[in-house]
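What follows is each chain in one-letter form.
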Amino acid sequence: MLKDLVTPENANVFVGKLGDILEKAIDKPLGYAINWGRIWSLWPVHIETACCSVEFGAASSPRYDVERFGIIEAFGSLRQCDLVVVQGTITRKMAPRLRLVYDQMPEPKYVIAMGACAITGGLYFDSYNVLPGIDGVIPVDVYVPGCPPRPETLIQGCILLQEKIKRMKARKFV
Amino acid sequence: MTAELPPGLALQKVDERIMTLNVGPQHPGSGHMRIVVQIDGDYIVACDPDPGYVHRGEEKMAEYRNYITNIPHLERPVIHDSCNVLYPYVLGAEEILGIEVPERAKYVRVIASELNRCIYTQYWLAIYGIFLGHSTMFMWPAGDRELLIDLMEKMSGARVTHAHFVPGGVRNDLPANFEDACLRQVNYFEKRIKEYAAVFYDNPILISRTKDTGVLSKQDAIRLGTTGSVLRASGVDYDLRIKEPYDVYEELDVHTNVMKEGDSYARSKVPWLDMMESCNIIRQALQKMPKSGSVRTKLKPNPKTKGPETVYKRVESGRGSLGCYIVSDGKTEPYRVKMSVGSFRNLIALPYLLKGEKLGNMPSVYWSLNYWPVEADR
Amino acid sequence: MSVLAPKFKLSEFIKSLFDNAFWALLLVSLVGLPLIQVVLFYIEMPVINGELLTPFLALTWLADPSRSLPIVKAFMATDMFRVMVFPGFGFAALLAAGTIFVERKMLAKLQLRVGPFYCGKIEGILQLAGDGLKLISKEIIIPAKADKPIFWAAPVIFVATAAAFVALIPVAPGGWVVADVDLGLLGVFAIIGFFPIITILSAWSANSKFPFIGGIRALFQMVSFEIPLILSLLGVVIVTGTLNLSEISASQSFFPWIVFLPVGAIVFFITMLAELERIPFDLPEAESEIVAGWLTEFSGMMYGLVQLGTYLKLYAFAALFVVLFLGGWNGPMIVPPFPEEILTEGIVLGPVTAKFPGLPLFDQAMLNGTLWFVIKTVGVIFFILLPRGVFPRIRIDMLLSLGWTKLIGLAFVNIFIALGLLYAGVLGPGGLQ
Amino acid sequence: MSEETEKPTPETTEKSVAKQEEVIELPALEKGLSEKLTSKFGEKTSIAFVKENRVRVDVKKEDVHDVAEFIRDEMNFDHVESVTGVDFPDDKEIEVVYHIGSYTDNSLANQVLTLATRAPREDIPIPGKDGTRLPTLRDIFYSVEFHEREVFEMLGVYFDGHPDNRRLLLPEDWADLPPLRKDFAIKGR
């Protein structure tokens, strides 16, 4: 009688149920905690693509100081970063490199398109060497308009990204 | 085999001892370019700069826009020095369109371009600090340049991309009480940058790191055609504000700072000395400026030119002599616009200087060339 | 809190925590307690008040505070507690975490900024927790051509080695040290010798150019600075005549050795900066030259572990400086003595009476020693952090010539000073001490 | 131009008169430079204009090397500021303009000597393998190295004798016309 109950199929069902219960229990608090950590620790990759890098540098200067939000500028290796701020125009020579940088970063990774050039090509819409926006190269999370955007705008973009991360599911952690 | 590959892709055969490093475009010490460095142990045996990551075809675009609408995109190569980078184009366009500039506008231009030179040099100094691993030296200049950016914002309305110079003068007049604010902030700014000596220029580690590295002798500086602070750090007294004065520079008392050593330290110190000189020039210009008057000769939106003409105008920008060659064929658009920029001219010294240098000196030598990749690529 | 993400609330988080706590309690009482009972039968229990603790007693005594205190005390006397919590890993990790936060805040203040501010509402105190949680949840990338076992093991070994270093540091009198060995200082030298090996192994296994250069640089730097480091400490050994760190610490009850051996202290401080890869000696991680040096290929928690190990090492070196030159735990008694009745009877506060004999878990001398030790260590850590805001990075050839010529010479000068003090009779038998 | 500037006010006429006098007086040095060139090379060079601080010399592509050598050795000009290529599809020619300046000679510090030469132009260019060729000036003025590389990729003018005729600014996979030629149309125009 008991032997009939303890079959591999039943054990599978039981373990699966237990897993579901555990997941349900863990998902909410752990997801909250991990998302909270990701919000306050956005480390941008050190890749400059065009002139918006000046304003990106100004954003970490004492007057604007993005480190208040946990964003450290001038970080060394891209393996430890989670944020790509595309600072302006992407030319045809830079686009493959940008994709390469994006591919080499560990999940989760976020992209901020900074400046009109990164969004649509901006002032250089008719240039022969400029891509019309970076949507074709990498997926973008937040668009920060301006030519170049003021540092305040960039900071607002970062806050918008934080709002977006809050809505995301933290399930894809490794 | 190499013949079939397109130029620039040919692979070189190298010794096994020699390691090839790709410094850039994603590298904390490269900026917007790639430097292919071959090292033997700690010594650089060859260096091949690979610019062009921000090549946006501005010279081609300038052929499709008229003399006024060219202004916004021609200042983008150096947005933190936008007045100076636009200056030769505006001077050339004025000659081609045949218009006179009011006296007051000339003084406003001088003030704006000197303020912009300080803003540019401060940012350059900030990056120089971070290239040497000195994070305080990034933050201090990056914070202090906001003072002058405030002034420029008052003057032109935009933070960095001013588009303030137009053929015929400047776009709008100075706001009320600008002179007092300018004098006050410039005085404070000068006091601030003098403090950098204590933490940066007199720092024993910095001196021992940059002295006698990347030495560019006077003959080589002339032969390579370098310009700006690189040239002046090698002992050549050449400044276009004195040698070929444009606008009202001949009425002002301008001095140049020349150092004889020609090493990275001298190249990093000359722009800093130039900033103090710029503060002097601003104070003089504020004193001599006509207190009232027109600042702009009005133009039609699509102005006509006098006829076929070629113009080559030069100014002294933050990175050295900046020339603009305009070919006009009598139409409303220029036939050809060529920007001869200081960064591009100084780039040629990089492989020359880095050869035989240690890898640790690469960032300091590279950035001491006063090189802004976006401008070089155009 | 926010319009976009209404579910992202602290109250929701706490509610879900309560839910989980309820289920956890249920499961513990049904499954956990029987399991613990089974486990307790198999481990050795301490003897308390002349009575052997049995598993049944352990569970029943937990209900009575006056009887559970001896259990706690007994467990605090175990080696496990020392290794995991107080003089060992936990204490050091706490100080290391504080160091990272203080470093960022201090650097920001030096540069006229604010530093981390919004994370954790009050001056960004939770910034480190945020970074840590993010790093734990981040993907770990192993390069395809890496030597995988070594690459995986390197960060773990790094932290383990740093923790082994921490284990040799005496924190307070009365044997508050994990490993009280007679050859303690030699043990320190042996452990320091492991760091370059780990660095070069991890750099080599990553199979990438920039880590390789960084690893080679780290090897050069650490090997060339280890010799002046060892030599600079020999002065203290000569003067005290022992290698045991606890005895060295105890020998400075009247004056710290920095008074007599300032040269050795300076040499040790400089070599310490180099061993820790701090600016101006952070060549293995020089980001403007070689991306991030030997850390370039580490991602996610592997990077986090290396950072943890680095700051544990920083704490250990600062503590070693305190033990050898600044008098260790010695200092004026500032903790007030405990009243006799608290020790024997417990606390009596008006109507409230709680008779828990043996309440202060630590004695007065130990608390005072720990307090002085922490104060001095924090001071030294502050001085280690300070050069980062003031100095640029040095170059590798300058560093090597500094290590091999100047510092070794100074270290020998220090040894001669120590010998002179000893033979002149200033120190040692018949002298001051 | 607006109406105000078309009707010259008394002030501007005064200025223009003053300017005309300057034009007569000033270019003595520039005249000397141009006469020096024409006396040496005669027919081979043609002075296009002499303006204030600017002299322009047009030469054939066979003579550009000799003229440049003369300019460096005898006239104290020591560096090239910029090399510009201008496309003239109607003339079937590409003009390459060298702006030459001097650091060593203080009297020439404000002078820019413009040396212009022309190369034949192919309708269907194969950069580096067709007739659009010029002799390089790199052995005379070292500073033209990157400028000539830029002209090569932007206009397809191959410089014979240049040691490093590789691509500089354009992407590696660029397979279109050289972009600064007039028949290369940018999108939407």
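Everything below is about the structure shown above.
Let me sum up the structure you'll find in this document. Here the structure is a predicted model, which is why all the values come from computation and not from measurement.

Attention shifts here to the sheet that holds strand E2 (residues 34-40) of chain B. What links the strands of a sheet is backbone hydrogen bonding, and the strands pair in either a parallel or an antiparallel sense. Strand order across the open sheet formed by three strands is E1-E2-E3 (chain B), with antiparallel pairing between neighbours. Strands with a single pairing partner mark the edges of an open sheet, and in this sheet they are strand E1 (19-23) and strand E3 (43-50) of chain B. The average undirected angle you get between the axes of adjacent strands in this sheet is 20 degrees. Note that E1(B) and E2(B) share five bridges and pair antiparallel. By the bridge assignment, B:Met19 is partnered in E2(B) with B:Ile39. Lying over the sheet, helix H10 (residues 209-240) of chain C contacts E1 and E2 of chain B, oriented at roughly 110 degrees with respect to E1(B).

Before going further, it helps to spend a moment on the arrangement of the chains. The pair of protein chains exhibiting the most contacts, out of five pairs of chains in contact, is chains B and D. What separates chain C from chain D at the closest point of their C-alpha atoms is a distance of 24 Å, and the two make no contact.

D:Ile71, D:Tyr98 and D:Leu115 are the most contacted members of the largest nonpolar core, which has 200 residues in total. Considering every element that reaches this core, the biggest residue donor is helix H4 (residues 103-131) of chain B, with 18 residues. The contact partners of D:Leu115, leaving out residues within four places of it in the chain, are D:Val57, D:Val59, D:Val64, D:Val67, D:Ala68, D:Ile71, D:Val96, D:Val97, D:Tyr98, D:Ile100 and D:Leu137. Formed by 97 residues, the second largest nonpolar core is a distinct cluster that contains C:Met106, C:Val159, C:Phe298 and C:Ile394.

The next thing to look at is the pairing of strand E5 (residues 112-120) of chain D. All names here are of chain D. Counting buried positions along E5 gives seven out of nine residues, so the element sits mostly inside the fold. Where strand E2 (residues 54-59) meets E5, six bridges bridge the pair, whose relative direction is parallel. Following the sheet pairing, Arg 54 is matched in E5 by Val 112. One ladder, built from eight bridges, connects strand E4 (residues 93-101) with E5; its direction is antiparallel. Following the sheet pairing, Glu 95 is matched in E5 by Arg 118.

Before going further, it helps to spend a moment on the packing of helix H7 (residues 148-167) of chain C against helix H9 (residues 194-205) of chain C. All names here are of chain C. Between H7 and H9, the shortest axis-to-axis distance is 9 Å and the interhelical angle comes to 165 degrees. Taken as axis vectors, H7 and H9 run roughly antiparallel relative to one another. Considering how the two elements wind past one another, H7 and H9 form a crossing that is left-handed. Here Ile 150, Phe 151, Ala 154, Ile 157, Phe 158, Thr 161, Ala 162 and Phe 165 of H7 lie close against H9, whose contacting residues are Phe 194, Phe 195, Ile 198, Leu 201, Ser 202 and Ser 205.

Quick look at the side chain of A:Asp65 now. Tracing the chain through its elements places A:Asp65 in the loop between helix H3 (53-59) and strand E1 (83-87). What makes A:Asp65 buried here is its relative accessible area of 1%. Within the structure, the side chain of A:Asp65 is placed 3.2 Å from the backbone nitrogen of C:Gly115, a separation counted as a polar contact. Ignoring sequence-local partners within four residues, the contact set of A:Asp65 consists of A:Ala59, A:Ser60, C:Arg113, C:Val114 and C:Gly115.

About the thresholds
Residues numbered from 1 in each chain as written. Chains lettered and ligands numbered in written order. Predicted model: local features only at pLDDT ≥ 70, side-chain atom pairs only at ≥ 80, totals over all residues. Heavy atoms only, no water. Pairing = 2+ DSSP bridges. Helix = DSSP H or I, 4+ residues; strand = E, 2+ residues; numbered from the N terminus. Axes fitted to C-alpha atoms, helices over the stretch in contact; angles between N-to-C directions. Contact = heavy atoms within 4.5 Å. Core = buried A, V, L, I, M, F, W, Y, C linked by side-chain atoms within 4.5 Å. Buried < 20%, exposed > 50% of the residue type's maximum accessible area, 1.4 Å probe, protein only. Parallel < 35°, antiparallel > 145°, perpendicular 65-115°, else oblique. Left-handed = near helix turned anticlockwise from the far one by under 90°. Polar contact = N/O pair within 3.5 Å; in protein donor to acceptor, adjacent residues only side chain to side chain.

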